[in-house]
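Spelled out from the first residue to the last, the chains are:
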Amino acid sequence: MSDPFQQIVGEHLSAVTFVQDYLQLQFDGPSLNALTVVTVTVPGGHAKSGEDQFRNLLCSCITKKVLGVAVKEHEALNIDLADGFSISVSLRDQDYCGPEAITFHGTKNEIVVI
């Protein structure tokens, strides 16, 4: 598989873990650590990391099926979910707090770092 992020297509967002300065998204096996700004979009609204309703909107994505994943270089990793929900992890240079924006742990023990 040339794009390891495609492993989550068809899976469900099964858990969200808030760690001090990043968050973890788990997809029935694979997991993704988001280390930059995350934007959640749901029908009727959206929020970015740190905004008032961010945690509630992100948690409302749990159980949603992943319909597609796209990486837009220097922009974002976009995860499209069922029912009009989506999660976007920034890949913009100004949003990096360290050397990486994402660490992805796949089903075959591979690790991808962006």
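Rules of the game
Residues numbered from 1 in each chain as written. Predicted model: local features only at pLDDT ≥ 70, side-chain atom pairs only at ≥ 80, totals over all residues. Heavy atoms only, no water. Pairing = 2+ DSSP bridges. Helix = DSSP H or I, 4+ residues; strand = E, 2+ residues; numbered from the N terminus. Axes fitted to C-alpha atoms, helices over the stretch in contact; angles between N-to-C directions. Salt bridge = Lys/Arg side-chain N within 4 Å of Asp/Glu carboxyl O. Buried < 20%, exposed > 50% of the residue type's maximum accessible area, 1.4 Å probe, protein only.

Things to note about the sheet that holds strand β10 (residues 111–113)
One open sheet holds the five strands; their spatial order is β1-β2-β3-β9-β10, and the pairing between them is antiparallel. Since the sheet does not close on itself, it has two edges, and those belong to β1 (15–19) and β10, each with one partner. When strand polarity is set aside, the average angle formed by the axes of neighbouring strands in this sheet is 15°. The sheet contact formed by β1 and strand β2 (residues 22–26) spans five bridges and is antiparallel. Of the residues in β2, the one forming a bridge with A15 is Q26.

What to know about the pattern of salt bridges
One pass over the full model with this rule turns up two salt bridges. Of the charged contacts, one joins D83 and K64 as a salt bridge, the two residues approaching to 2.9 Å between their closest N and O atoms. Of this pair, D83 sits in the loop between β7 (76–81) and β8 (86–90) while K64 sits in the loop between α1 (54–59) and β6 (66–72), and the two are 19 residues apart along the sequence. For K64, a relative accessible area of 17% translates into the label buried. Note that D95 and R92 form a salt bridge whose closest N and O atoms lie 3.4 Å from each other. The class of D95 is buried, set by a relative accessible area of 17%.

Everything listed is a geometric property; what it means functionally is a separate question.
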